[in-house]
Amino acid sequence: MLTTTTRVQASDTFPSILTLTGCTFALASVMQWMLHQYEWFQAYRYTWPLIGLLFTVDSANTIVSLLQQQLYNDEDEEGGMSQFSNPPSSIPMIVGTILIRLVSGLAGVGLVIGGAYDAFMPVWMTGPNVFTAAGVGQDSAMILWILTALSLILRQHNKKEVGSEQSMDVIPPPFRVSSLATVQTSFWAFVILLSQLYILSDAAFEDVSEMINATL
């Protein structure tokens, strides 16, 4: 099976999306202020794009695992014909998961590339453009921010039990809640993750906003 879940009330296991959103933008504002005030914090910002590696590695592992479940059969005890691990009805979900994970993994690579441009290239160079003029790093951070936010919303909507496995969830393992005792720790980890991704993608969000306004 793709997932093992036990449904519980989301309000009992994790703070609301509204609370998470408010804390995220509040922390992002504080971080933006610190970036303008402290050089050491500016230097620390250059390490943030390494988050992309977590998304890329986790996406690759998930894709390989799903492909193995479909391409390799488990032999029965008698050595006879084996059966697929997942029924045909699960194929659409598997394909969707792989596509989402491909986007997440490629965005992780793009974030690292963009971070390398920021760290080692002249300040006026933003790297290759993907969707906006902000550059590959900003665009990739925007994609990861959106996918992470959607994953959290889906968690709340599905009312997943803490610790349950969800293949459509792009959130990398270090930020996943493993037990009820770590809910608060995980909440603030999400706040930091979303705040950093938002700051890394602010120019891309501005470009998208301008594009939307231009079409209205």
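Throughout, residues of each chain are indexed from 1 in the direction in which the sequence is written. Note on the predicted model: pLDDT of at least 70 is required for a residue's local features to be given, and 80 or more for side-chain atom pairs to be given and counted; whole-chain, interface and lining totals, by contrast, use all residues. Values shown for side chains rest on all heavy atoms present in the structure; no hydrogens or waters enter the calculation.

### Notes on the overall build of the chain
The number of helices and strands found in the chain is seven helices and zero strands. Secondary structure elements are taken from DSSP: a helix is a run of H or I of four residues or more, a strand is a run of E of two residues or more, and numbering for both begins at the N terminus. Going from N to C terminus, the chain has its helices and strands arranged as α-α-α-α-α-α-α. Residue contacts follow a heavy-atom distance rule, with two residues in contact if any of their heavy atoms lie within 4.5 Å. Considering only intrachain contacts with a sequence separation of at least 6, the fraction spanning at least 24 residues in the chain is 72%. Computed by Shrake-Rupley with a 1.4 Å probe, the accessible areas treat only the displayed protein chains as cover when residues are assessed. When the accessible surface of the chain is totalled, it reaches about 12,500 Å², and 65% of it is carbon and sulfur.

### Overview of the pattern of salt bridges
We count a salt bridge whenever a side-chain nitrogen from Lys or Arg sits within 4 Å of a carboxyl oxygen from Asp or Glu. Scanning the model with the defined rule gives one salt bridge in all. Across the salt bridge formed by R101 and D58, the nearest N and O atoms sit 2.7 Å from each other. A residue pair is termed long-range when its members are at least 10 positions apart, and R101 in helix α4 (residues 91-120) and D58 in helix α3 (residues 51-71) qualify at 43 residues.

### Section: the nonpolar core
Of all hydrophobic cores here, the largest spans 27 residues; its most connected members are L20 and L197. Of all the secondary-structure elements, those providing two or more residues to this core are α1 (17-37), α3, α4, α5 (136-158) and α6 (183-200). Looking at this core, the element that brings in the most residues is α6, giving nine residues. The criterion is simple. A nonpolar core is a set of buried Ala, Val, Leu, Ile, Met, Phe, Trp, Tyr and Cys residues joined through side-chain atoms within 4.5 Å. In this scheme, a residue with accessible area under 20% of its type's maximum is buried, one over 50% is exposed, and one in between is partly exposed, where area comes from a 1.4 Å probe on protein chains only.

### Digging into the environment of P173
Locating P173 in the fold gives a position in the loop between α5 and α6. Taking relative accessible area as the criterion, P173 reaches 44% and is therefore assigned partly exposed. Expressed as a C-alpha distance, the spacing of P173 and F55, which sit 118 residues apart in the sequence, is 9.0 Å.

### Focus on the side chain of T132
Among the structural elements, T132 can be located in the loop between α4 and α5. N or O atoms within 3.5 Å of each other form a polar contact, as long as, within protein, one can give a hydrogen and the other can take it, and as long as residues adjacent in sequence are counted only when both atoms are side-chain atoms. From its side chain, T132 meets the backbone nitrogen of A134 in a polar contact 3.2 Å long. Within the structure, the side chain of T132 is placed 2.5 Å from the side chain of D139, a separation counted as a polar contact. When neighbours within four sequence positions are excluded, T132 is seen to be in contact with D139, A204, D207, V208 and M211.

### Structural notes on the side chain of S140
With respect to the helices and strands, S140 occurs in helix α5. Discounting chain neighbours no more than four positions away, the residues touching S140 are A107, G110 and L111.

### Quick word on the confidence of the model for the chain
Values of pLDDT, the confidence the predictor places in each residue, fall between 0 and 100. Looking at the chain as a whole, the pLDDT averages 78, with 73% of positions reaching at least 70. Low pLDDT (under 50) marks residues 1-13, which in the prediction has 33 contacts with non-local residues, meaning those over four places away or in another chain. Per-residue pLDDT stays below 50 along residues 74-78; that stretch engages in five contacts with residues further than four places along the chain or on separate chains.

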